[in-house]
Amino acid sequence: MSEGTPAQQVDVAVLGAGMVGVSAGLAARQRGLSVVIVDRREPGSETSYGNAGIISSGSILPLNTPSLLKNLPKYLTNAHPALRWNIAWALANAGWVMRFLAAATPSQTRPRAAALHGLIGTSLKLHRDWIVQAGAGHRIRETGWLKAWRSDGLAAAQAEQAALAEFGIRSEVLDRQAISALEPNIIPAYSTGLLHAQTASVDSPGAVVKAYAQMLAAGGGTIRQSGIRRIEPHGDGWRVQLADGEIAARHVVVALGPWSAELLRPLGYRVPLAFERGYHQHFVPNPARKLLRPIHDADGGFLMTPMEQGVRVTSGVELTARDAPSNFSQLEAVVPMARSVVEFGDAVGERWRGARPTLPDSLPMIGAAPRHRGLWLAFGNQHIGFTTGPGTGAAIAAMIAGDAPPFEAQAFSPNRYIA
Ligand SMILES: Cc1cc2nc3c(=O)[nH]c(=O)nc-3n(C[C@H](O)[C@H](O)[C@H](O)COP(=O)(O)OP(=O)(O)OC[C@H]3O[C@@H](n4cnc5c(N)ncnc54)[C@H](O)[C@@H]3O)c2cc1C
C-alpha cells in the first residue's frame, strides 16, 4: 500500500466469504459492529458453492465413527467409491490419520455428536430465518434428506435412527414401497431408506451465500474482493495485508475454510487441517422424472441433489493434498450408479472439485486463538459447513462481544490442537 493511503478501519475483518465467513460477518453486524468481509472471489464461490446443499439436522455423526473402523477393510483396497486415499499423502500425514482413526471409538463419538447437535440446532434456526430475510426463501426445500441402501440396509438404518433419536432427531425407516411413495420418479433400486425428516436443502448453495452477503451489505457491512496476504498484530488490533491495500481491525476472524491453516503458520500456529476432497457434476434433469430431495446412496457413498443447474451428483471422500491434481475416477465410478436410480440426461458444464476442511476429531475450531488477542478462528467444518456456518458465525460474534455463545462451544475450542 502506498505511503499515506489510509487503511480501511473496522471493528471486525472477516477473512473468507464462504458460508462460515459470511455468517460470522452477518452475526457481528447484527450486534452493531462495523464489518468487512474479504475474499479473493465473490462470496460463496468455493467449497460453499459446490456442496450438496443439505441443511442437515442429523449430521451429528462425522466420518470417523465406529462404522468407519468396521468398514476399514473395504476402504483399504482404495477401490471403493465412498473413500479413496493417496498412499504418499497418508504416509506423510500418518499422525493426522492416526488421530482421525483414534477419534472413531464409541467413547469418543458420543460427546462429539452432542457438541455437533448443539451447533447444528442453532444453525438450522438461523438458516430458516436468514434465508427468508435475505429474499432467498424460494431456494429452501423442507422435504428432508433420504439415505438409501440397495440391499442389507435395515440394521444400519435402524442403528442410525436410534442414534438420532437419542438427540430427539426425527427420522423414518422406509421399505421399498415407502421409498417409491416418497420419491415416485426414481427407479426402485433401494430396499431400505432412512428419511431425515427435519432436514432441509437448497437448490443453489452458492446463491444462498451470496444472498446472505447481500443482506450484510444492505445492513451496512462491506464485502471487499481482494487476495489476503498476511495478518499481523498492530497496536490494540490487527493489520490485514491485502493484494490491493490493507485493513486495520480490532478483531480478525479467520474463516478461510481449507486455506485457513497457512495464514496462521507465520504466527506460530500449526493447525492439523486435512482435506476430504470431493467432486461434483451436473446433469440435465428429466422434467417427467423429477427428483424431490437429496438422496444419499449409502452403498456408493455419493449424493444426488436437485439443483438449479440440474441434478448434482457429488462424490464421496478423497483424502489427499488440497491442491493435488484432480482424479475424477471416483466421480466416474458413481455416475452410472446414479443413473440406475434417477433418469437424467447429458452432463452440463465442467466437473468441480472442492476440499472439505477437517480436523482430526471432525469438529470445527470455533473460538479465540490461544496467544493473540482479537484473533478468532472459525474453520474446519468438514462435511457440514454449509449447514453449520450460521451457528459457527453466531458463536464467534457472541465471543467477540464478550457474550456466551448460543450453544455449548467448549468442544470446539482451538486450544485442543494449538497452544
Ligand atoms: C462434495 C461436497 C459436498 C458437500 N455437501 C455438503 C452439504 O450438503 N451440506 C453441508 O452442510 N456441507 C457440505 N459440504 C461441506 C461444506 O461445503 C463446507 O464445510 C463449507 O462450504 C466450508 O465453508 P467455509 O466458509 O469454511 O469455506 P469456503 O466456502 O471454502 O470459503 C473459504 C473462502 O476463503 C477464500 N480464500 C481462501 N484463501 C484466500 C486468500 N488468500 N485471499 C482471499 N480469499 C481467500 C476462498 O476464496 C473461499 O471463498 C460439502 C463439501 C463437499 C466438498
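Keep in mind that this is a model prediction, so the values were computed, not measured.

A. Representation of the packing of helix H6 (residues 106–133) against helix H9 (residues 205–218) in the model. Viewed as axis vectors pointing N to C, H6 and H9 meet at an angle of 70°, and their least axial separation amounts to 9 Å. Accordingly, the angle class assigned to the pair H6 and H9 is roughly perpendicular. Two secondary-structure elements touch here, H6 through His127, Trp130, Ile131 and Gln133 and H9 through Val208, Tyr212 and Met215. Of the residues that constitute the contact of H6 with H9, the class distribution is 5 nonpolar, 2 polar and no charged.

B. Structural detail: the packing of helix H1 (residues 19–30) against helix H12 (residues 385–400). Interaxial distance between H1 and H12 falls to 7 Å at its minimum, and their mutual angle equals 35°. Two packed elements cross with a definite hand, and for H1 against H12 that hand is right-handed. In this structure, H1 uses Met19, Val20, Ser23, Ala24, Ala27 and Ala28 to contact H12, whose residues at the interface are Gly385, Phe386, Gly389, Pro390, Thr392, Gly393, Ala394 and Ala397. Residues of the contact of H1 with H12, tallied by class, amount to 9 nonpolar, 5 polar and no charged.

C. Region of interest: the UniProt feature "domain: FAD dependent oxidoreductase" (unreviewed entry) in the protein chain. If you check UniProt for "domain: FAD dependent oxidoreductase" (unreviewed entry), the listed places come out as residues 11–399 in our numbering. The distance from the first to the last C-alpha atom of residues 11–399 is 14 Å, and the span holds 34% helix and 30% strand.

D. Geometry of the site of the ligand. Around the ligand, a shell composed of 30 residues is seen, among which Asp39, Thr47, Ser48, Gln382 and Thr387 lie nearest. Within the contact set of the ligand, a nitrogen atom lies 2.8 Å away from a backbone nitrogen or oxygen of Ile228. Considered on its own, the ligand offers 1000 Å² of accessible surface; in the complex 96% of this is hidden by protein. Residue assignment for the shell around the ligand shows that the elements contributing at least two residues are H1, helix H2 (47–50), strand S19 (344–358) and H12.

E. View of helix H11 (residues 329–339). Turning to H11, its buried residues are Gln330, Leu331, Val334, Val335 and Ala338. Projected down its long axis, H11 carries its buried residues within an arc of 130°, all on one side. Close packing links the buried residues of H11 with strand S4 (83–85), strand S14 (274–285), strand S16 (302–307), strand S17 (310–314), strand S18 (317–319) and S19.

F. Structural view of the nonpolar core. Val12, Val14, Tyr212, Val253, Ile366 and Phe412 are the most contacted members of the largest nonpolar core, which totals 59 residues. Per element, the largest residue contribution to this core is 9 residues, and it comes from H6. Counting residues domain by domain, this core receives three or more from each of domain 1 (8–48 + 207–271 + 362–416) and domain 2 (66–105 + 139–203 + 273–358). Not counting residues up to four positions away in its chain, the partners in contact with Phe412 are Ala115, Leu116, Leu119, Leu363, Pro364, Met365, Ile366 and Phe407. Membership of the second largest hydrophobic core comes to 31 residues, among which are Leu15, Val254, Val271 and Leu273.

G. Spatial organisation of the environment of Ile131. You can see Ile131 is positioned in helix H6. It is 9.9 Å that separates the C-alpha atoms of Ile131 and Val202, two residues lying 71 residues apart in sequence. What Ile131 contacts, discounting residues up to four positions off in sequence, is Ala136, Gly137, Ile140, Val202, Val208 and Tyr212.

H. Spotlight on the sheet that holds strand S9 (residues 200–202). With antiparallel pairing, the 3 strands of this open sheet are ordered in space as S3-S9-S5. Whereas interior strands pair on both sides, the edge strands pair on one side only; in this sheet they are strand S3 (54–55) and strand S5 (140–141). Judged from the 2 bridges that link them, S5 and S9 form a sheet pairing that is antiparallel. Residue pairing in the sheet places Ile140 in a bridge with Val202 of S9.

I. Fine view of H12. For H12, the tally of buried residues reaches 16 of 16 residues, placing the bulk of the element in the interior. Within two residues after H12, Gly402 carries a phi angle of roughly 85°, on the positive side.

J. Fine view of the domain arrangement of the protein chain. Looking at the assigned domains, one finds that the protein chain contains domain 1 (8–48 + 207–271 + 362–416) and domain 2 (66–105 + 139–203 + 273–358). Using only C-alpha atoms to locate each centre, domain 1 and domain 2 end up separated by 29 Å. Here domain 1 packs against domain 2, burying approximately 1200 Å² in sum over the two surfaces, 64% of which is carbon and sulfur. Joining domain 1 to domain 2, the criterion identifies 1 salt bridge. Notably, a salt bridge pairs Glu262 with Arg322, separated by 2.9 Å at the nearest N-O pair. Counting across the interface, domain 1 meets domain 2 through 6 residue pairs in polar contact (both at pLDDT 80 or more). At the level of elements, H9 and helix H10 (260–264) are the ones that each hand at least two residues to the side of domain 1 that touches domain 2.

The rules behind each value
Residues numbered from 1 in each chain as written. Predicted model: local features only at pLDDT ≥ 70, side-chain atom pairs only at ≥ 80, totals over all residues. Heavy atoms only, no water. Axes fitted to C-alpha atoms, helices over the stretch in contact; angles between N-to-C directions. Helix = DSSP H or I, 4+ residues; strand = E, 2+ residues; numbered from the N terminus. Parallel < 35°, antiparallel > 145°, perpendicular 65-115°, else oblique. Contact = heavy atoms within 4.5 Å. Nonpolar A, V, L, I, M, F, W, Y, C, P; charged D, E, K, R; others polar. Left-handed = near helix turned anticlockwise from the far one by under 90°. UniProt positions renumbered as here; feature names shortened; annotations may be inferred. Near = heavy atom within 4 Å. Polar contact = N/O pair within 3.5 Å; in protein donor to acceptor, adjacent residues only side chain to side chain. Areas by Shrake-Rupley, 256 points an atom, 1.4 Å probe, with all protein chains shown as cover. Buried < 20%, exposed > 50% of the residue type's maximum accessible area, 1.4 Å probe, protein only. Arc of directions from axis to C-beta. Core = buried A, V, L, I, M, F, W, Y, C linked by side-chain atoms within 4.5 Å. Domains from an automatic or database assignment. Pairing = 2+ DSSP bridges. Buried area = accessible area lost by both parts, 1.4 Å probe. Salt bridge = Lys/Arg side-chain N within 4 Å of Asp/Glu carboxyl O.

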